[in-house]
Amino acid sequence: VQLQASGGGLVQAGGSLRLSCAASGRTYNNLAIGWFRQAPGKEREFVAAVWWTGGRTYYADSVKGRFTMSRDNAKNTVSLQMNSLKPEDTTVYYCAADTTFRVQVPVLPGEYKYWGQGTQVTVSS
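Rules used in this analysis
- Residues numbered from 1 in each chain as written.
- Predicted model: local features only at pLDDT ≥ 70, side-chain atom pairs only at ≥ 80, totals over all residues.
- Heavy atoms only, no water.
- Helix = DSSP H or I, 4+ residues; strand = E, 2+ residues; numbered from the N terminus.
- Buried < 20%, exposed > 50% of the residue type's maximum accessible area, 1.4 Å probe, protein only.
- Contact = heavy atoms within 4.5 Å.
- Areas by Shrake-Rupley, 256 points an atom, 1.4 Å probe, with all protein chains shown as cover.
- Lys, Arg positive; Asp, Glu negative; His and termini not counted.
- Charge placed at Lys NZ, Arg CZ, Asp CG, Glu CD.
- Salt bridge = Lys/Arg side-chain N within 4 Å of Asp/Glu carboxyl O.

Within the chain, the secondary structure is distributed over 0 helices and 11 strands. The helix and strand sequence of the chain, counted from the amino end, reads β-β-β-β-β-β-β-β-β-β-β. Dimensions along the principal axes, computed over C-alpha positions, put the chain at roughly 40 × 30 × 25 Å. In the chain, which comprises 125 residues, the share counted as buried stands at 40%. Counted over contacts in the chain with a minimum sequence separation of 6, partners at least 24 positions apart contribute 57%. Surface accessibility of the chain: about 6,500 Å² in total, with carbon and sulfur atoms responsible for 49%. Charge separation in the chain, taken as the distance between the mean sites of 13 positive and 8 negative side-chain charges, equals 6 Å.

Pasting the structure below:
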């Protein structure tokens, strides 16, 4: 599975950005797609995830109510709509694919097997 993240950029506080993650390869093995973010010197942080089948979504408390994740199975893409952005949302965002059957949504980086390259999000105050 190959993942290509895009959509990052510079936005003022309160603004919006939409990240996309395009999956290719053996995408039928995908069970969940997640978004993580990682600031320099910090651990990779869970942001949101969606079950590939069914589309149920999960969010970190820090982004709940502001970010919305969706998937388009026909196009093998997932999106992360980020509204009401804050300066503390500034960092690099990564999408990842989990191909292991789980009962609970994967929220740890180690649970994801495939990773896309990061896309920088910068929110100015």
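This next bit is on the pattern of salt bridges. Pairing of side chains with opposite charge becomes possible as their charged atoms draw close. This structure, assessed with the given rule, holds 6 salt bridges. One salt bridge in this structure joins Arg102 and Glu111, with 3.7 Å as the shortest N-O distance. Residue class for Arg102 comes out partly exposed when judged on its relative accessible area of 22%. A network of salt bridges, in which partner residues are shared, links Arg37, Glu45, Arg66 and Asp89.

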